[in-house]
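Residue-level structure breakdown
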Amino acid sequence: MRRNVISVIVLIVLAVTAQAQTKAGSPSDTVIGFYRSLKEKRYVDGFRHSVYRNAVEGLTPAELQDLEPDFARTFAAIPDKIEPSGELITGESLRSF
């Protein structure tokens, strides 16, 4: 019985780890996901890729609706296609260019 429980726990840990590894892309993938989400007006999804995650996730649907015109105006300038030409990773900082 104990061996089965341990086996199940190990399988769950492996599944979660594998899922996290497949979700995580390169830093440029994260940047592209951020801008693509904002361009497509999926603001909460976009901000989940940034330091503003907690601020936006705490907003009510009514608050998000109030901010939508400002977001739409601000993010309308994002180009349809984003193509980073490189990455510079220093410590915990990333710069895509």
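Below is a short write-up of the structure. Only a predicted model underlies this, so the values are computations on that prediction, with no experimental measurement involved.

**Brief notes about the overall build of the protein**
Broken down by element type, the protein carries five helices and two strands. Relative to its 97 residues, the protein shows a buried fraction of 16%. Taking all contacts inside the protein whose residues are at least 6 apart in sequence as the whole, residues at least 24 apart take part in 48%. Carbon and sulfur atoms make up 58% of the accessible area of the protein, which amounts to about 7,700 Å² in all.

**A word on the nonpolar core**
A general trend in soluble globular proteins is that nonpolar side chains are found buried together. Core analysis: the largest hydrophobic core is formed by nine residues, namely F34, L38, Y43, V44, F47, V56, F71, F75 and I78. Breaking this core down by element, the ones donating at least two residues are α2 (27-39), α3 (43-47) and α5 (61-75). Counting residues per element, this core draws most heavily on α3, at three residues.

**Structural notes on the packing of aromatic side chains**
Applying the stated criterion across every chain yields a total of eight aromatic pairs. Pairing F47 with F71 gives two aromatic rings, centres 5.6 Å apart and planes at 50 degrees, and the pair type is tilted. Of this pair, F47 sits in helix α3 while F71 sits in helix α5, placing them 24 residues apart in sequence. The exposure class assigned to F71 is buried, which follows from its relative accessible area of 14%. An aromatic cluster is defined as three or more aromatic residues linked by ring pairs; in this entry it consists of F34, Y35, Y43, F47, Y52, F71 and F75.

About the criteria used
Residues numbered from 1 in each chain as written. Predicted model: local features only at pLDDT ≥ 70, side-chain atom pairs only at ≥ 80, totals over all residues. Heavy atoms only, no water. Helix = DSSP H or I, 4+ residues; strand = E, 2+ residues; numbered from the N terminus. Buried < 20%, exposed > 50% of the residue type's maximum accessible area, 1.4 Å probe, protein only. Contact = heavy atoms within 4.5 Å. Areas by Shrake-Rupley, 256 points an atom, 1.4 Å probe, with all protein chains shown as cover. Core = buried A, V, L, I, M, F, W, Y, C linked by side-chain atoms within 4.5 Å. Phe/Tyr/Trp six-rings, centres within 6.5 Å; stacked < 30°, edge-to-face > 60°.

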